[in-house]
Structures are given as C-alpha cells and as structure tokens.
Amino acid sequence: MLITRVLAVAACAVLLTTGCDSGDDAVPDPPDGGFTVTTMRGALLQANEIGPTWKAPEASTDPSRLVAFCGGAATVPPVPPGAEVISTPLVDEGNQGAQTLTQTALVYPDDSGARAGLAALRAVADGCPATVSRPATETADRSEPAYTETARTTEMNEGGWTGFVVTRHKTYIENKGTADTAIAVVSRANVVFVDAYAVYRLGTSSGSPAFDSDWKKLVGTVLNRVG
C-alpha cells in the first residue's frame with residue numbers, strides 16, 4: 001500500500017484543528033452549518049501525515065488552479081467564481097513511479113455559491129470523453145509516449161458530503177507504464193472540496209492494486225476532520 005499513516009494521525013489532527021485559530025479577522029463568519037477558511041485549511045493533509053517520502057513540489061504551482069478533470073490534453077477547468085481558494089499540492093517521487101495529491105477547498109460565502117460551484121464542475125466532468133488516445137509527445141519541457149486513457153464519472157456521498165468522482169486509467173502503448181487518477185469533488189454547506197490523487201507506475205502494464213482504497217482513504221480523512 002502506498003498511502004501510510006493517514007488514519008493513524010486523523011484523530012490527533014481533529015483535536016488540533018478544532019482548537020486552533022488563524023487570527024484572520026477578515027474572514028467572515030460562515031452561514032449556519034457552514035465552515036470557515038480556518039477550518040478547511042486545518043483539515044487538509046500535510047506531507048508528514050501521509051508518509052515520510054511525501055513533500056511539497058519543488059516547482060511552484062498556482063494555488064488558484066484546479067487539475068484537469070478529463071483525460072488526454074484536456075484544459076484545466078477554472079475555479080467557479082465567488083470562492084476563497086485553499087490548496088495544498090504534495091508529491092511522492094521514486095525510481096519506480098510517483099504519486100501526487102492536490103487538495104483544494106473552495107469556501108463560499110453561502111450554500112448557494114457552493115451549489116453553483118459544484119454544478120459548474122460537474123458539467124465539466126460530464127463532458128469528459130470515455131476514451132482518449134494520444135500519440136507520443138516531445139516538446140522542450142515534456143516528453144510522453146503514446147497512450148490510451150479511459151475515464152468515468154460516478155456519484156459520491158460520504159458523511160453528508162455529496163458530489164462525484166472522476167476516475168481515469170492511462171496505459172502507455174509502447175513503454176510499460178500506467179497512471180491512475182481520481183478526482184473527487186464533493187460539497188457540503190458553503191464548501192466544495194476537490195481532491196485529486198494520481199499514481200504513476202513504471203515498468204508495468206497493470207495499475208496500482210491499492211489505488212481505489214488509497215484515494216478513498218485520503219478523501220475520507222479530510223472529510224472526517226471537517227465533520
């Protein structure tokens with residue numbers, strides 16, 4: 001299993017989150033039953049909570065950008081307007097592959113903003129093609145062999161959070177290798193939470209056997225912290 005220590009630290013992290021205060025008086029109070037920016041920031045997993053080899057990526061990323069929902073050369077969907085964005089990108093790189101995790105919380109002033117945000121992102125997911133094939137790509141900053149990628153979108157409901165998850169599986173045609181991606185998008189009250197987890201494996205044509213349980217564990221840990 002590639003994901004470690006997530007559940008073991010969850011209970012401790014909940015105590016820390018509920019007892020902390022960022023001191024940011026500019027953030028308005030959430031609507032009844034809603035969540036603050038401080039709460040969501042404290043709920044996101046940190047590198048040391050997942051495993052000893054996880055870290056922040058060396059290359060800086062735009063915290064206001066999401067990840068691509070669809071396969072192939074799909075563009076990154078814009079963040080639906082009206083939200084304060086909190087993002088934590090993490091990576092785990094090794095000789096046999098890599099893992100990435102991008103957690104993004106979109107905190108809206110009210111529930112209606114979150115519902116509109118979820119609907120906008122669902123429309124993007126619903127437009128994803130089921131199968132995409134791409135030729136080998138060679139540019140100045142990117143090299144990728146030819147591949148075929150499948151995608152499907154399913155409903156998700158966990159602990160009062162509702163939404164969907166896009167799961168993708170990429171198989172490289174000439175070079176052995178796979179990539180599995182899960183993008184969970186769920187909403188509750190005034191928040192939309194986007195959790196994008198990907199596993200890249202080299203030298204094999206089969207996907208990660210623990211992928212399904214790993215992405216669910218990562219999403220579930222954050223949602224349980226929030227409550």
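Look up a bit, the structure's there.
Residue positions are counted from 1 within each chain, in the order its sequence is given. Local features in this predicted model are restricted to residues of pLDDT 70 or higher, and side-chain atom pairs are both shown and tallied only at a pLDDT of 80 or more, whereas totals for entire chains, interfaces and linings draw on every residue. Hydrogens and waters are ignored; side-chain quantities use all the structure's heavy atoms.

### Structural notes on the nonpolar core
Nonpolar side chains tend to gather and get buried jointly when the protein is soluble and globular. Residues Met40, Trp161, Phe193, Tyr197 and Trp215 are the most contacted members of the largest nonpolar core, which totals 32 residues. Of all elements in the fold, only helix 2 (37-43), helix 3 (47-50), strand 1 (84-94), strand 2 (97-107), strand 7 (161-172), strand 8 (177-188), strand 9 (191-202) and helix 5 (211-226) reach the threshold of two or more residues within this core. Top contributing element to this core by residue count: helix 5, with 7 residues. Working definition of a nonpolar core: buried Ala, Val, Leu, Ile, Met, Phe, Trp, Tyr and Cys residues. They are joined through side-chain atoms within 4.5 Å. Each residue is assigned to one of three classes by its accessible area relative to the maximum for its type, calculated with a 1.4 Å probe on protein chains only: buried under 20%, partly exposed between the two thresholds, exposed over 50%. Among the nonpolar cores identified, the runner-up in size contains 17 residues, and Cys128, Ile183, Val194 and Ala196 belong to it. Numbering of helices and strands runs from the N terminus, with a helix taken as a DSSP run of H or I at least four residues long and a strand as a DSSP run of E at least two residues long.

### Regarding unusual backbone geometry
Only a minority of non-glycine residues have a phi that is not negative, and only a minority of peptide bonds are not trans. Within the chain, Ala189 stands out as a residue other than glycine whose phi angle is a positive 55°. Along the chain, Ala189 turns up in the loop between strand 8 and strand 9.

### With respect to the environment of Gln96
Within the secondary structure, Gln96 sits in the loop between strand 1 and strand 2. The spatial distance from the C-alpha of Gln96 to the C-alpha of Leu202 is 5.3 Å, given a sequence separation of 106 residues. Here Gln96 is in contact with Tyr200, Arg201 and Leu202, once residues within four sequence places are set aside. Here, residues are in contact when the closest pair of their heavy atoms is within 4.5 Å.

### What about the packing of aromatic side chains?
Centres within 6.5 Å make a pair out of two Phe, Tyr or Trp rings, where for Trp the six-membered ring is used; the pair is then stacked when the planes are under 30 degrees apart, edge-to-face when over 60, and tilted otherwise. Under the criterion given, the structure shown has 4 aromatic pairs. For the pair Phe35 and Trp161, a centre-to-centre distance of 5.7 Å together with 15° between the ring planes defines the contact as stacked. Of the two residues, Phe35 is situated in the loop between helix 1 (6-18) and helix 2 and Trp161 in strand 7; the sequence distance between them amounts to 126 residues. Across the pair, Trp161 and Phe35 agree in class, each one buried. Relative to Phe211, the ring of Tyr197 lies with its centre 6.0 Å away and its plane at 15°, an arrangement referred to as stacked. One end of the pair, Tyr197, is in strand 9; the other, Phe211, is in helix 5, and 14 residues separate them in sequence. Grouping residues by exposure puts Tyr197 and Phe211 together as buried. Sitting over a ring, as applied to charges here, requires NZ of Lys or CZ of Arg to be within 6 Å of the ring centre and within 35 degrees of the ring normal. In this arrangement the basic side chain of Lys170 is found over the ring face of Tyr147, its NZ or CZ atom lying 4.2 Å from the centre.

Bear in mind that shape data such as this cannot, by itself, settle questions of function.
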